[in-house]
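Next come the chains, spelled out residue by residue.
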Amino acid sequence: MSNFFNTGLTQQQFLDEFWQKKPLLIRQAFADFETPISPEELAGLACEPEIESRLIEERGQEGKAWQVSCGPLSDDDFARLPETHWTLLVQDVDKHLPELQYLLDPFRFIPDWRRDDLMISYAPEFGTVGPHTDGYDVFLLQAMGARRWQIGDQPIHEAKLIDGLELQILAEFKPDQSWDLQPGDLLYLPPNFAHHGVALNDCMTFSVGFRAATQVEVLDAVVNNLLEQQLGKVRYSDSNLLLSAHGSEVDEHAVERLKKMLHQAIDNAEPILTQTLGKVATETKPSLLSLASEYMTGAISKEELERLFSQGEELHRNHYLRFAWSENNGCGQLYMAGQAYEVDKQAVGYLTLFAEQTTLTPKDWKQIKLSESAVNLLSKLIEEGGWFWQDT
Ligand code: SIN
Ligand code: CO
């Protein structure tokens, strides 16, 4: 699908002109949209102990008084809520209800590993989380009722926030645009654009959020990989040392040498950078770790795989885990949950099967079993919980 939501833009034109650059409102991107999940079902998810959720209430002096309660929520929490001015937010609904993953399909022209989750909010009239910025790209799909979105048309890099709140709410917000979104309308916002959405009536908003590692997260992963590979051992050197009037000063020349040393360390790490990125991009969020690990099983032999597939069994991909792959000089790496798995030339062609398909059928097995290396990788992935039989 290269036409971007029937806008007349190709997906590449959207990437060139809007992605990470400017907001875009698309009316009826999902024509005649009806929410596949009710507010009651969403409230049910927020009562589950392992599901990340928040209830945000706006009370008291306008724009100043906000209450945040983190889930799990209880029936009593819902019973005491007023008629208006609150929002319920539930994270990772795409993983908890994998039957909703079809909603993410139109966004899969952006790499899967850039996507974070589908967050769903419900709010009665006047419900809002306040004007704020997010560090991530987000597509906001109006799923039920109407919401007024006001946005700024320039990114804010150092946002001034209201002090003393558990929420990050902008101290000042002057909107440049205002739109009322109806079911099926979609608003794309790049990182750091101020936005303020207020429910006009009983309203559900689906947020498809993206994620990107910070410099510190990537540097930490690079250092860990360098340590694992026993690299990065070149020491600070100063063969161009100049006489100095002071014996203890760390002078600007020393800082210049340090900068060179750090650049050189990154250049020397080039062969492991792809692997580092693959690991960082597929790390499992701490809030999903225990649910993700429920699918781990014992080791499985090729004979056992053959037996189960020949009985018509299918494997399913663990929707709590993130997958990616890379290829270098004909050899491949599969990344899953922050781990890298090497495969030889023979098995490179199978990486998309393991990282992108959601099921593996007996027909896929006929292909997989032709490569010893692909079979070994699959049995490792099953052991680690990346793929599972329906009834495990
Ligand atoms: C909401 O759904 O109320 C908030 C979504 C967002 O601002 O990212
Ligand atoms: Co936001």
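Preceding block: the structure.
Residues numbered from 1 in each chain as written. Chains lettered and ligands numbered in written order. Predicted model: local features only at pLDDT ≥ 70, side-chain atom pairs only at ≥ 80, totals over all residues. Heavy atoms only, no water.

1. Considerations on the sheet that holds strand 12 (residues 315-317)
Now for step 1: Strand order in this open sheet of three strands is 16-12-17, and the pairing throughout is antiparallel. The open sheet is flanked by strand 16 (359-360) and strand 17 (387-389), the only strands paired with a single partner.
Now for step 2: Two elements, strand 12 and strand 16, share two bridges in a ladder whose sense is antiparallel. Residue histidine 316 lies in a different strand from strand 16, and its bridge partner there is threonine 359.
Now for step 3: Where helix 12 (residues 372-383) meets the sheet, its contacts fall on strand 12, strand 16 and strand 17, and the angle it forms with strand 17 comes to roughly 75°. (Pairing = 2+ DSSP bridges. Helix = DSSP H or I, 4+ residues; strand = E, 2+ residues; numbered from the N terminus. Contact = heavy atoms within 4.5 Å. Axes fitted to C-alpha atoms, helices over the stretch in contact; angles between N-to-C directions.)

2. Observations regarding the packing of aromatic side chains
Now for step 1: Evaluation of the coordinates by the stated rule reveals 22 aromatic pairs.
Now for step 2: Centre to centre, the rings of tryptophan 19 and phenylalanine 210 are 5.3 Å apart; their planes meet at 80°, and the pair counts as edge-to-face. Of this pair, tryptophan 19 sits in the loop between helix 1 (11-17) and strand 1 (24-26) while phenylalanine 210 sits in strand 11 (residues 203-210), and the two are 191 residues apart along the sequence. The burial state of tryptophan 19 is the same as that of phenylalanine 210; both residues are buried.
Now for step 3: Over the aromatic face of phenylalanine 18 sits the side chain of lysine 22, whose NZ or CZ is 5.3 Å from the ring centroid.
Now for step 4: Positioned above the aromatic ring of phenylalanine 323, the side-chain terminus of arginine 317 is 4.8 Å from the ring centre. (Phe/Tyr/Trp six-rings, centres within 6.5 Å; stacked < 30°, edge-to-face > 60°. Buried < 20%, exposed > 50% of the residue type's maximum accessible area, 1.4 Å probe, protein only. Lys NZ or Arg CZ within 6 Å of the ring centre and 35° of its normal.)

3. A few points about helix 12
Now for step 1: For helix 12, with 12 residues, the first-to-last C-alpha span of 17 Å sits near the 16 Å given by 1.5 Å per residue.
Now for step 2: Residues of helix 12 that are buried: Ser373, Ala374, Val375, Leu377, Leu378, Ser379, Leu381 and Ile382.
Now for step 3: Positioned one or two residues after helix 12, glycine 385 has a phi angle of 85°, which is positive. (Expected span 1.5 Å × (residues − 1).)

4. Thoughts on the side chain of arginine 115
Now for step 1: Here arginine 115 shows up in strand 5 (residues 115-123).
Now for step 2: Setting aside its immediate chain neighbours within four residues, arginine 115 contacts Leu104, Arg108, Val208, Gly209, Phe210, Arg211 and Arg322.

5. Considerations on the layout of surface pockets
Now for step 1: If you add up the space inside the largest pocket, you get close to 930 Å³.
Now for step 2: Around the largest pocket, the lining comprises 33 residues; the ones closest to its centre are Arg54, Gln91, Met119, His132 and Asp134.
Now for step 3: Those elements that provide at least two residues to the lining of the largest pocket are strand 2 (53-58), strand 4 (86-90), strand 5, strand 6 (138-144), strand 7 (147-155) and strand 11.
Now for step 4: If one sorts the elements of the lining of the largest pocket by residue count, strand 11 sits on top with five residues.
Now for step 5: A volume near 790 Å³ is recorded for the second largest pocket.
Now for step 6: Taken together, 34 residues form the lining of the second largest pocket, with Arg108, Asp112, Arg115, Arg317 and Ala355 sitting closest to its centre. (1 Å grid on protein atoms, 1.4 Å probe; cavity = no way out; pocket = protein on both sides within 12 Å on 5 of 7 lines; lining within 4 Å. Points joined across faces, edges and corners; volume = space filled by probe spheres on them.)

6. Concerning the side chain of histidine 132
Now for step 1: Mapped onto the secondary structure, histidine 132 falls in the loop between strand 5 and strand 6.
Now for step 2: Judged by its relative accessible area of 11%, histidine 132 is buried.
Now for step 3: A polar contact of 2.9 Å, which involves the side chain of histidine 132, links it to the backbone oxygen of glycine 130.
Now for step 4: Not counting the four nearest positions on each side in its chain, histidine 132 is found in contact with Gln168, Leu170, Phe193, Ala194 and His195. (Polar contact = N/O pair within 3.5 Å; in protein donor to acceptor, adjacent residues only side chain to side chain.)

In short, the description is geometric, and any link to function would need to be established separately.
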